[in-house]
Amino acid sequence: MVDRDTIVEVLVTGGAGFIGSNFVLHALASHPDWRITTLDKLTYAGRMENLGDVLDDPRHRFVQGDVADPAVAGPLVRDAEIVVHFAAETHVDRSLLDAGAFITTDVYGSFVLLEAARHAPRLRRFVQISTDEVYGSVDTGSSTEHDELKPRNPYAASKAGADRLAYSYWATYDVPVIITRASNNYGPRQFPEKVIPLFVTNAIDQLPLPLYGDGRHVRDWLHVDDHCRALDLLIERGENGEVYNIGGGNEVANIDLTHQILELLDRPRSLIEPVRDRLGHDRRYSLDTTKLHALGWRPRHAFLDGLRATVDWYRDNDSWWRPIKEVDPAYREYYQTQYGKGDRQKA
Ligand code: NAD
Ligand code: TYD
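What counts as what
Every chain is numbered independently, its residues counted from 1 as its sequence is written. Chains carry letters and ligands carry numbers; both start at the beginning, A for chains and 1 for ligands, and go up in the order they are written. Per-residue local features of the predicted model are confined to residues with pLDDT of at least 70, and side-chain atom pairs are confined, for both listing and counting, to 80 or more; whole-chain, interface and lining totals are unaffected and use all residues. The side-chain numbers reported here are obtained from all heavy atoms of the structure, hydrogens and water having been left aside. What counts as a salt bridge is simple: a side-chain nitrogen of Lys or Arg found within 4 Å of a carboxyl oxygen of Asp or Glu. Segments assigned H or I by DSSP are reported as helices when at least four residues long, segments assigned E as strands when at least two residues long, and all are numbered from the N terminus. Each residue is assigned to one of three classes by its accessible area relative to the maximum for its type, calculated with a 1.4 Å probe on protein chains only: buried under 20%, partly exposed between the two thresholds, exposed over 50%. Near residues are defined by distance, with any heavy atom within 4 Å of the molecule or strand qualifying the residue. Polar contacts, as used here, are pairs of N or O atoms within 3.5 Å; protein pairs need one atom able to donate a hydrogen and one able to accept it. Residues neighboring in sequence count only if both atoms are side-chain atoms. Here, Shrake-Rupley sampling with a 1.4 Å probe gives the accessible areas, and only protein chains in the shown set may cover a residue. Where each domain starts and ends comes from a domain assignment, either automatic or drawn from a database. Note on contacts: a residue pair is in contact if any heavy atoms of the two residues lie within 4.5 Å. Buried area is a sum: the accessible area each of two parts loses on coming together, probed at 1.4 Å, counted once for each and added.

*Asks:* What should I look at first to understand the pattern of salt bridges in this one?
*Replies:* Where charged atoms of side chains with opposite charge meet at close range, the side chains can pair. A full pass over the atoms with the stated rule returns 20 salt bridges. As a salt-bridge pair, Asp93 and Arg278 come within 2.7 Å of each other at their nearest N and O atoms. Taken as a pair, Asp93 in helix H3 (residues 92-97) and Arg278 in the loop between strand E12 (272-275) and helix H9 (290-293) lie far apart in primary sequence, 185 residues in all. The pair Asp93 / Arg278 is uniform in exposure class, with both members buried. When the shortest N-O distance is used, the salt bridge between Glu242 and Lys291 registers 2.6 Å. Remark: Lys291 occurs in helix H9 and Glu242 occurs in the loop between helix H7 (224-237) and strand E10 (243-246); sequence separation between them is 49 residues. Note on Lys291: relative accessible area 24%, which makes it partly exposed. When salt bridges with common partners are traced through the structure, they connect Asp205, Asp318, Arg322 and Glu326 into a single cluster.

So, in structure tokens, the structure goes:
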């Protein structure tokens, strides 16, 4: 039993999405004294079933609402001791089709939460979940937390705006902000529009894998469990006003990733379909994680093992992704716009 006086009130925004749901499950399991409120608008990417295991947990409460709505978000922030702000529009390709929601949620939504945080009497941590994409494309070397921000697509620019806005609320009002910039995450329950779940589920069904451009773009893959452990550590030991890179140390070119997925599923390379490149496609992301390592964090998942486990999860859980890919009209419409005839013809 946990003493009621020692209960820590935690607000997680975007907790019905990929990383947020993994964090909620991880946090409830590792912090018996935490009571978590999940605030999520349930956009196309937010799914109640992601929280299935904890919806009946008395230490968890779900609130459907918009982070950009001060009437809903304000009181929740003001009651919290810890805020972990994941909620965002997150898909670069969607930001190229229509950036409006990215500004409203990622920038304005963060502003609404930060304003409320100024008046939250017990708040001791506000974790602004940013991304390595704020550094822009990295030709050589790795980005340190002091490097210039050069976001090159509307998603990355929205996240950079929120990242610096959060910093300004620490510098100006002493809101206890820390900012985290993680690399590309992978693992269970990632929406099947992002490259790993899209390619895995297409390969399972023997459908083409639409590889952008020459396939030589590099991403640094971080298992979502390792990300959650890093956030835990930073909530405990991070310093307010500081930025922390969180990278998996697994830089892989998209073409090699695609080959690995096909091999794990015993599918032929002829499924690869080169398509026209993404506009403004960042060539490479790479993070220097010295600062996080100094706090004692190390990723636990070797990339190939983590990828194998992720492929197995999608193979074993098609009841999770088939309704999205095969029934959800919004998904089908997006897929048609993105990969159908016209804009995305063969390279
Ligand atoms: P996701 O798209 O899977 O989930 C986003 C969640 O936010 C969904 O549940 C959605 O319903 C919710 N949401 C969207 N707009 C909202 C609003 N206005 N109000 C309340 N809830 C809203 O995203 P993800 O991949 O889990 O990413 C989570 C966070 O991590 C984001 O801030 C993203 O920028 C950041 N990030 C992601 C990655 C990655 O590789 N996925 C890497 C670095 C950083
Ligand atoms: P994505 O999962 O969209 O993440 P991000 O753009 O945030 O890094 O894409 C990862 C990489 O995979 C990126 O270089 C673009 C590439 N990609 C494809 O080649 N084909 C696809 O259909 C998608 C969605 C991505």
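*Asks:* Could you clarify how one ought to interpret the site of ligand 1 in this entry?
*Replies:* Among the 28 residues in the neighbourhood of ligand 1, the closest are listed as Ile19, Asp40, Thr90, Tyr155 and Lys159. Measuring from a nitrogen atom of ligand 1, one finds a side-chain N or O atom of Asp66 at 2.8 Å. For ligand 1, an oxygen atom lies 2.8 Å from a polar atom in the backbone of Asn185. For ligand 1, the accessible surface in isolation is 840 Å², of which the surrounding protein chains cover 97%.

*Asks:* Explain the domain arrangement of the protein chain here, please?
*Replies:* The figure often quoted for interface size is the accessible area lost as the parts come together. Per the domain assignment, the segments making up the protein chain are domain 1 (4-186 + 221-246) and domain 2 (195-218 + 252-282 + 302-339). A separation of 26 Å is found between the C-alpha centroids of domain 1 and domain 2. Listed per partner, the contact involves 16 residues of domain 1 and 21 residues of domain 2. In total, about 1,600 Å² of surface goes out of reach between domain 1 and domain 2, with carbon and sulfur atoms giving 56% of it.

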